[in-house]
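Fold and geometry: a report
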Amino acid sequence: MKISELLNQDAITISFEVFPPKKRENFDSVLSTARSIAQLKPDFMSVTYGAGGGTSDFTADIAADLQKTSGVPMLAHLTCVSSTREYVSRMTEVYKEKGIENIMALRGDIPKEGRICDEYHYAYELIRDLREKGDFCIGGACYPEGHVECEHKKDDLRHLKEKVDAGCDFLTSQMFFDNDVFYNFLYRARDIGINVPILPGIMPITNKKQLSSSVAMSGTSVPPRFSAIVDRFGDSPEAMKQVGIIYAADQIIDLIASGVRHIHVYSMNKPDVAEGILDKLSEVLKDRSI
Ligand SMILES: Cc1cc2nc3c(=O)[nH]c(=O)nc-3n(C[C@H](O)[C@H](O)[C@H](O)COP(=O)(O)OP(=O)(O)OC[C@H]3O[C@@H](n4cnc5c(N)ncnc54)[C@H](O)[C@@H]3O)c2cc1C
């Protein structure tokens, strides 16, 4: 099923993200974890893509397996900055053969050691290629606080509009811990003429280290309220897990109450966290109508 069809229905959706293993020997355990998340019956799931190298097939393999065994529609990620056009073409064919109809089209981070090849520079080029290569539903990434590499938010938003115009059916946001940041972004995006669905990406922070590494990579700001929570509970793993789930659920409740229809959760291969969030929202999600 195309995710664009799901997003155009008048119903609230909740989706989960998993990531593939880096090494083949971990494939079975990651697949089993991802299957446990699929058993929670989210509206769709996404499988991230390890840029370049030999692990990129795992994304397609996991997505295809989950789609077949659980019936949950899959969104397979694909990055382009470290790939040739020929490689991207090949991956696209693999996705088609495996019945993947939805692709999250990304540039990917530029490797620290520099570009491996010089064929793709931005995600919009990949999106244009995918539009030509097949009848895919295409997602793109967006950054409520601006992408780390872009100095001015206004320029980042202009680039985002170009990316949507290249053929994105929907956008998913980078994590944020203050919903006002998302509402402000949504307002600016609509104002510039971006009219596709924009899914907030919610990251449950269930351990202290995860917060510092995620923030360092993404540049996401941490509001004082959340900093205080992590300061108070960060050294107690079970307490941190509990408050991380509650904080994410609280963000989701506020988003839904404010009229946001579609929620994407970075469930990070943690079935217990995904289940914990659904548990906190059990009554909230009972009536999915708008
Ligand atoms: C929802 C989500 C999912 C992700 N999944 C993955 C994953 O599976 N695998 C992975 O490796 N990474 C993933 N990432 C990380 C992502 O690859 C990085 O953030 C990367 O640095 C940017 O990718 P992009 O697709 O947003 O790039 P782009 O949209 O190309 O933007 C990258 C930068 O270039 C600028 N830019 C865009 N167009 C132009 C232009 N025409 N001229 C000048 N500047 C321009 C933008 O303002 C921005 O600063 C994900 C991020 C998000 C938010």
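To keep things clear, this report deals only with the structure shown in the data block. Every residue gets a number counted from 1 within its own chain, in the order that chain's sequence is written. Restriction of local features to residues with pLDDT of at least 70 applies here, the model being predicted, together with a cutoff of 80 or more for giving and counting side-chain atom pairs; totals for whole chains, interfaces and linings are based on all residues. With hydrogens and water set aside, each side-chain value is computed from the structure's full complement of heavy atoms.

Observations regarding the overall build of the protein
Applied cut-off: Labels follow the DSSP assignment, with helices taken as runs of H or I lasting at least four residues and strands as runs of E lasting at least two, numbered in each case from the N terminus. The globule rule used here is 2.2 Å times the number of residues to the 0.38 power, and the radius of gyration it is set against is calculated over C-alpha atoms. Each residue is placed in one exposure class: buried if its accessible area under a 1.4 Å probe, protein chains only, is under 20% of its type's maximum, exposed if it is over 50%, and partly exposed if it falls in between. The criterion used for residue contact is that any of the two residues' heavy atoms lie within 4.5 Å.
Secondary structure assignment for the protein yields 11 helices and eight strands. The C-alpha atoms of the protein give a radius of gyration of 18 Å, which matches the 19 Å a tight globule of 290 residues would have. The principal-axis extent of the C-alpha atoms belonging to the protein is close to 50 × 45 × 45 Å. Out of the 290 residues belonging to the protein, those deemed buried represent 53%. Restricting to contacts in the protein with at least 6 residues of sequence separation, those with at least 24 account for 80%.

Examining the packing of aromatic side chains
Worth spelling out the cut-off: The criterion for an aromatic pair is that two Phe, Tyr or Trp rings (for Trp, the six-membered ring) have centres within 6.5 Å, with stacked assigned to planes under 30 degrees apart, edge-to-face to planes over 60 apart and tilted to the rest. Counted as over-ring charges are cases with an Arg CZ or a Lys NZ within 6 Å of the ring centre that also lie within 35 degrees of the ring normal.
A full pass over the atoms with the stated rule returns six aromatic pairs. Measuring from ring centre to ring centre gives 5.1 Å for Phe177 and Phe226, while their planes differ by 25°; the resulting arrangement is stacked. Note that Phe177 is positioned in the loop between strand S6 (170-175) and helix H7 (179-191) and Phe226 in helix H9 (residues 224-233), a separation of 49 residues in sequence. An aromatic cluster is defined as three or more aromatic residues linked by ring pairs; in this entry it consists of Phe176, Phe182 and Tyr183. Over the aromatic face of Tyr120 sits the side chain of Arg85, whose NZ or CZ is 4.4 Å from the ring centroid.

Concerning helix H8 (residues 208-218)
Applied cut-off: This arc is taken over the directions from the axis of the helix to the C-beta atoms.
Listed as buried for H8 are Gln210, Leu211, Ser214 and Ser218. Here the buried residues of H8 occupy an arc of 100° about the axis, which is enough to place them on one side. Exposed side chains of H8 directed beyond 90 degrees from the buried face belong to Lys209 and Ala216. The inward-facing, buried residues of H8 abut S6 and H9.

Points about the side chain of Arg107
Stated formally: In the analysis that follows, any N or O atom pair within 3.5 Å is treated as a polar contact, provided that within protein one partner can donate a hydrogen and the other can accept it, and provided that, for residues neighboring in sequence, both atoms belong to side chains.
Within the secondary structure, Arg107 is located in the loop between strand S4 (102-106) and helix H5 (123-133). Overall, the relative accessible area of 10% leaves Arg107 in the buried class. Separated by 2.5 Å, the side chains of Arg107 and Glu149 make a polar contact. Apart from residues no more than four positions distant in its own chain, Arg107 is found in contact with Thr79, Cys80, Val81, His121, Tyr122, Ala123, His147 and Glu149.

Description of the nonpolar core
In summary, soluble globular proteins display a tendency toward joint burial of nonpolar side chains. The condition is simple: The definition of a nonpolar core used throughout is a set of buried Ala, Val, Leu, Ile, Met, Phe, Trp, Tyr and Cys residues joined through side-chain atoms within 4.5 Å.
Met45, Leu78, Tyr95, Leu171, Ile194, Ile198 and Ile252 are the most contacted members of the largest nonpolar core, which totals 66 residues. Within the second largest apolar cluster, 12 residues are counted, among which are Met175, Ile205, Ile229 and Tyr266.

Details of the pairing of strand S8 (residues 262-265)
Spelled out, the test is: What makes two strands pair is DSSP finding at least two bridges between them.
Going residue by residue along S8, you find His262 and His264 tucked away on one face and Ile263 and Val265 tucked away on the opposite face as well. Strand direction decides the pairing type here: strand S1 (residues 13-18) and S8, joined by four bridges, are parallel. Bridged to Phe16 within S8 is Val265.

Here we look at the site of the ligand
Rules: Proximity is defined per residue: if any heavy atom of the residue lies within 4 Å of a molecule or strand, that residue is considered near it. To measure how exposed things are, a 1.4 Å probe is used in the Shrake-Rupley method; for residues, cover is taken only from the protein chains shown. As a working rule, the residues Ala, Val, Leu, Ile, Met, Phe, Trp, Tyr, Cys and Pro are called nonpolar, Asp, Glu, Lys and Arg charged, and the rest polar, with Gly in that last group.
The environment of the ligand is formed by 23 residues, the closest being Asp109, Ala123, Tyr143, Asp156 and Lys163. Backbone polar atom of Ala123 to an oxygen atom of the ligand: 2.8 Å apart, as the coordinates give it. Isolated, the ligand exposes 980 Å² of accessible area, and the fraction of that covered by the protein chains is 84%. Within the residue set of the shell around the ligand, elements represented by two or more residues are strand S3 (74-79), H5, helix H6 (153-165) and S6. Looking at the shell around the ligand element by element, the count peaks at four residues for H6. Residues that form the shell around the ligand fall into these classes: nine nonpolar, eight polar and six charged.

Structural notes on the pattern of salt bridges
For side chains of opposite charge, pairing can occur when their charged atoms come near one another. To keep things clear, this is the line we draw: The working definition used for a salt bridge is a side-chain nitrogen of Lys or Arg within 4 Å of a carboxyl oxygen of Asp or Glu.
Per the counting criterion, the structure on display carries 16 salt bridges. Here Arg85 and Asp129 are joined by a salt bridge, their closest N and O atoms 2.7 Å apart. Pair noted here: Arg85 is in helix H4 (residues 85-97) and Asp129 is in helix H5, with a separation of 44 residues, a long-range link. As a salt-bridge pair, Asp169 and Arg131 come within 2.7 Å of each other at their nearest N and O atoms. With Asp169 in the loop between H6 and S6 and Arg131 in helix H5, this pair connects stretches of sequence that are 38 residues apart.

Focus on the packing of H6 against H7
The condition is simple: The angle between two axes is taken between their N-to-C directions and runs from 0 to 180 degrees, where each axis is a line fitted to C-alpha atoms and a helix contributes only its stretch in contact. The labels follow the angle: roughly parallel below 35 degrees, roughly antiparallel above 145, roughly perpendicular from 65 to 115, and oblique for the rest. When the near helix sits turned anticlockwise from the far one by under a right angle, the crossing is termed left-handed; a clockwise turn instead gives a right-handed crossing.
With their axes 10 Å apart at the nearest point, H6 and H7 run at an angle of 55° to one another. In terms of axis orientation, H6 runs oblique to H7. Taken as a pair, H6 and H7 cross one another with a handedness that is right-handed. Along its contact with H6, which presents Lys153, Leu157 and Leu160, the element H7 presents Phe185, Arg188 and Ala189. Across the contact of H6 with H7, the residue classes tally to four nonpolar, no polar and two charged.

As far as function goes, none of this settles anything; it's purely spatial.
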